[in-house]
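# A closer look at the structure
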Amino acid sequence: MNASAAREQFASANQASVEILTTLANKAFTQVERLTELNLNTVRSVLEDSVAATKTVLAVKNPQDLVALQGTLAQPMLDKAVVYGRGVYEIAADGQQEIAKLFGVRVAELNKTFTDTLDKAAESAPAGSEALFAAFKSAVDAANNVFDSVSKATKQATEIAGATVTAASTVVKGASSKAGSSKKSA
């Protein structure tokens, strides 16, 4: 491989790295924007509910009505907490998936470039160096297997977290429904 070809490959690799970093930065900003929007909407909604709840509490005339009112005031906040938690989870999961996809593509490109370069070097290498190139290819294959295993484990962890969020949401909604119905019957 001549010096000009090596410079071109180096420049190409640097350009690809800059593009990857730019894409990652854009994706991070998108996730921050989504999280900020979720936070602002949640705060706005909680503030509106708090004002309405305060007006309702101030309108209560006797202690029995205040006791009956407690369950109905807590329910909207509980629902908002569940929705907020699910929203944060979705933003995090989407970000993780986008980054994993981006790195998967980049790793595949790097592997192809490295393998092509290795094959070209093997063609012009002196006799007897085949074992060295086989060892390099074996190391690349092992690294790819590790990357695949980590990617699969990350995906499974994300799926488990999603199932946990869904289960927790169901439990909270079920508990709050039972609490609401028991207060109404009392």
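Structural data are supplied above this passage.
Notes on the structure in this doc start here. (Residues numbered from 1 in each chain as written. Predicted model: local features only at pLDDT ≥ 70, side-chain atom pairs only at ≥ 80, totals over all residues. Heavy atoms only, no water.)

## Overview of the overall build of the protein chain
- Along its length, the protein chain carries 3 helices and 0 strands.
- The linear arrangement of helices and strands in the protein chain, starting from the amino end, is α-α-α.
- Here the protein chain, with 186 residues, has 12% of them falling under the buried criterion.
- Sequence separation of at least 24 residues holds for 80% of the intrachain contacts in the protein chain that already meet a minimum separation of 6.
- Of the roughly 13000 Å² of accessible surface on the protein chain, a fraction of 65% belongs to carbon and sulfur atoms. (Helix = DSSP H or I, 4+ residues; strand = E, 2+ residues; numbered from the N terminus. Buried < 20%, exposed > 50% of the residue type's maximum accessible area, 1.4 Å probe, protein only. Contact = heavy atoms within 4.5 Å. Areas by Shrake-Rupley, 256 points an atom, 1.4 Å probe, with all protein chains shown as cover.)

## Examining the side chain of Gln31
- Its location among the elements puts Gln31 in helix α1 (residues 3-59).
- With relative accessibility at 12%, the residue Gln31 sits in the buried group.
- Those residues within four positions of Gln31 in sequence are excluded, and the remaining contacts are Ile91, Asp94, Gly95 and Glu98.

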